[in-house]
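# A closer look at the structure
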Amino acid sequence: MSARTITIPTADRGDVQVSEPDWCTADHTGEAYREDIEHSGAETHLVVFTPCHGPVRTLPVGYVWRPFSPTNNQVIATIHMDEWHEFDPPALHRAADALIEHAATLRVYARQLAAMRAHGGEGQ
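The following refers to the structure shown. Owing to the predicted nature of the structure, the values given are computational and were not obtained by experimental measurement.

Reading guide: rules and limits
Residues numbered from 1 in each chain as written. Predicted model: local features only at pLDDT ≥ 70, side-chain atom pairs only at ≥ 80, totals over all residues. Heavy atoms only, no water. Pairing = 2+ DSSP bridges. Helix = DSSP H or I, 4+ residues; strand = E, 2+ residues; numbered from the N terminus. Buried < 20%, exposed > 50% of the residue type's maximum accessible area, 1.4 Å probe, protein only. Contact = heavy atoms within 4.5 Å. Salt bridge = Lys/Arg side-chain N within 4 Å of Asp/Glu carboxyl O. Core = buried A, V, L, I, M, F, W, Y, C linked by side-chain atoms within 4.5 Å. Phe/Tyr/Trp six-rings, centres within 6.5 Å; stacked < 30°, edge-to-face > 60°.

Okay, the pairing of strand β2 (residues 14-21) next. In terms of strand pairing, strand β1 (residues 3-10) meets β2 through eight bridges, oriented antiparallel. Looking across to β2, one finds that Arg 4 is bridged to Glu 20. In textbook terms, the turn of a hairpin is the stretch between consecutive antiparallel strands, and for β1 and β2 this stretch comprises three residues.

Here it is in structure tokens:
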């Protein structure tokens, strides 16, 4: 993975130069403070068919890197979770199958995240 240098205007530090990883898809125009600078990548979703709502995209996983965070400036993976859906027995079986497939995706993310961290803990 590679990175390029970009300049992000901030209210507290002026123009800040930062490495942007090739996986970053973020729009950096809304980051008012240096600490708010965040690189985020595309998300992969688990798609579960529900009788109540049809196909539902859930459990999105993606990478985030906040290079100036005072608490954690390493690349992390994020998963968003919320909302209830109803399942009949066949739909619950399909959901279980989809979860197994998504678990494989999460393992890929874990390996990639470990590789990123092995190269200095940055989002490169």
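Take the environment of Ala 77 next. By the secondary structure assignment, Ala 77 is in strand β6 (residues 76-79). Its relative accessible area of 36% is what places Ala 77 among the partly exposed residues. Sequence-wise, Ala 77 and Tyr 109 are 32 residues apart; in three dimensions their C-alpha atoms are separated by 7.6 Å. Not counting the four nearest positions on each side in its chain, Ala 77 is found in contact with Gly 62, Tyr 63 and Leu 113.

Moving on to the pattern of salt bridges. Throughout the structure, instances matching the rule amount to two salt bridges. Its salt-bridge partner being Arg 4, residue Glu 20 comes within 2.7 Å of it at the nearest N-O pair. One end of the pair, Glu 20, is in strand β2; the other, Arg 4, is in strand β1, with 16 residues separating them in the sequence. Taking the shortest distance from any N to any O, the salt bridge between Arg 66 and Glu 38 comes out at 2.8 Å. Of this pair, Arg 66 sits in the loop between β5 (54-65) and β6 while Glu 38 sits in the loop between β2 and β3 (39-40); the two residues are 28 residues apart in sequence, bridging distant segments of the chain. Residue class for Arg 66 comes out partly exposed when judged on its relative accessible area of 31%.

All right, on to the nonpolar core then. By size, the foremost hydrophobic cluster in this structure holds eight residues: Trp 23, Val 61, Tyr 63, Trp 65, Val 75, Tyr 109, Leu 113 and Met 116. Elements with a contribution of two residues or more to this core: β5 and α1 (89-118).

The next subject is the packing of aromatic side chains. We describe a pair of aromatic rings using the distance from one ring centre to the other and the angle between the two ring planes. Overall, the coordinates contain two aromatic pairs when judged by the stated rule. Geometrically, the ring pair formed by Tyr 63 and Tyr 109 is tilted, given 4.8 Å between the ring centres and 40° between the ring planes. Of this pair, Tyr 63 sits in strand β5 while Tyr 109 sits in helix α1, and the two are 46 residues apart along the sequence. A relative accessible area of 7% places Tyr 63 in the buried class.

These results come straight from atomic positions and should not be treated as a statement about function.
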